[in-house]
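Analysis of the macromolecular model
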Amino acid sequence: RRSNDAALPRRVLIPLSLSCPEIVRILTFLSEAGGDFAGWEVALRFHPHLPWEEFSRKYRRPLPKGVCVSRNRALDADLAGCGALAYTWSTVALEAYARGIPTIHLDILAPLRVDPLYAAQLLKFEAAAPEDLPAILRRLDQMPPAERLKGAEAASLFVQEYFHPPQAASLAVFFPEQDQ
């Protein structure tokens, strides 16, 4: 878990899925923000099976102003270097949240609502419109270390409860005893 008494790295990581229409929606959302990310760098993490070069060749979309592509091979390196993680439905959000990294759900896949952190309360934000993202980033810049620490502790507990071990009664639904 990261120390929450230091300043956040001013980098937002956005992990992307293999869904090209979803990637286009995210790029459109970021373009409509007009490059205003409150002084933060926005880095896209393309899926290993769909690198930026392949996507851009097929869809001929430029990167939005103020957005770059992460070249880190390891997810761990990307998470270590980000101060926030923005996502649509990626389980990478759970990993970031467990580390105490503030998460920003990009609520742009309506009518679908597939947020794995839907019940999280602290260090979790919602951006439904492009102008929401810089406002959230400014809020993170102003967040006192004590509030970040409280949020990180709550996030760790949330993820522990999310991944509770299976119970016999729960497993019995899927694996009923066979009559011998």
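First, a word on scope: everything that follows refers to the structure included in this document. All of these numbers come straight from a predicted model, not from anything done at the bench.

Take the sheet that holds strand 2 (residues 41–45) next. Pairing within the open sheet is parallel, and its 6 strands lie in the order 3-2-1-4-5-6. On the outer flanks of this sheet lie strand 3 (67–69) and strand 6 (124–127), each paired with one strand and no other. Across the sheet, the mean angle separating the axes of adjacent strands is 25° when strand polarity is ignored. Two elements, strand 2 and strand 3, share 3 bridges in a ladder whose sense is parallel. Counted as the bridge partner of Val42 is Val67 from strand 3. On top of the sheet, helix 1 (residues 20–32) reaches strand 1 (11–15), strand 2, strand 3, strand 5 (103–106) and strand 6; it is set at about 170° to strand 2, its chief contact. Along the sheet, helix 5 (residues 132–142) contacts strand 1, strand 4 (84–87), strand 5 and strand 6; its crossing angle with strand 6, the most-contacted strand, is approximately 155°.

All right, on to the pattern of salt bridges then. With the rule as written, the count across this model stands at 12 salt bridges. As a salt-bridge pair, Asp141 and Arg10 come within 2.6 Å of each other at their nearest N and O atoms. Highlighted residues: Asp141 in helix 5 and Arg10 in the segment before strand 1, separated in sequence by 131 residues. The class of Asp141 is partly exposed, set by a relative accessible area of 37%. Taking relative accessible area as the criterion, Arg10 reaches 38% and is therefore assigned partly exposed. Among the ionic pairs, Glu126 bridges to Lys124, the shortest N-O distance being 2.7 Å.

Turning our attention to a nonpolar patch on the surface. Where nonpolar side chains cluster on the molecular surface, the patch consists of Leu171, Val173, Phe174 and Phe175 and spans about 490 Å² of accessible area. Positionally, Phe175 belongs in the segment after helix 7 (168–174). For Phe175, a relative accessible area of 63% translates into the label exposed.

Right, let's get into the nonpolar core. Among the nonpolar cores identified, the biggest contains 54 residues, and Ile14, Leu30, Leu85, Ile104, Leu137 and Leu140 are the most heavily contacted of them. When residues in this core are grouped by element, the largest group, 6 residues, is from helix 1. Contacts of Ile14, omitting those with residues within four sequence positions, involve Ile26, Leu30, Val42, Ala43, Leu44, Arg45 and Ala86.

As for its placement among the helices and strands, His105 is situated in strand 5. For His105, the side chain forms a polar contact with the side chain of Glu126, separated by 2.9 Å.

This brings us to helix 5. Within the span of helix 5, buried status applies to Leu133, Pro134, Ile136, Leu137 and Leu140. Here the buried residues of helix 5 occupy an arc of 160° about the axis, which is enough to place them on one side.

This part covers helix 6 (residues 145–162). The terminal C-alpha atoms of helix 6, which comprises 18 residues, lie 25 Å apart, in line with the 26 Å expected from a rise of 1.5 Å per residue. Tucked inside the fold, the buried residues of helix 6 contact helix 4 (92–98).

About the criteria used
- Residues numbered from 1 in each chain as written.
- Predicted model: local features only at pLDDT ≥ 70, side-chain atom pairs only at ≥ 80, totals over all residues.
- Heavy atoms only, no water.
- Pairing = 2+ DSSP bridges.
- Helix = DSSP H or I, 4+ residues; strand = E, 2+ residues; numbered from the N terminus.
- Axes fitted to C-alpha atoms, helices over the stretch in contact; angles between N-to-C directions.
- Contact = heavy atoms within 4.5 Å.
- Salt bridge = Lys/Arg side-chain N within 4 Å of Asp/Glu carboxyl O.
- Buried < 20%, exposed > 50% of the residue type's maximum accessible area, 1.4 Å probe, protein only.
- Patch = residues over 30% accessible without salt bridge, like charges linked within 9 Å, V, L, I, M, F, W, Y side chains within 5 Å.
- Areas by Shrake-Rupley, 256 points an atom, 1.4 Å probe, with all protein chains shown as cover.
- Core = buried A, V, L, I, M, F, W, Y, C linked by side-chain atoms within 4.5 Å.
- Polar contact = N/O pair within 3.5 Å; in protein donor to acceptor, adjacent residues only side chain to side chain.
- Arc of directions from axis to C-beta.
- Expected span 1.5 Å × (residues − 1).

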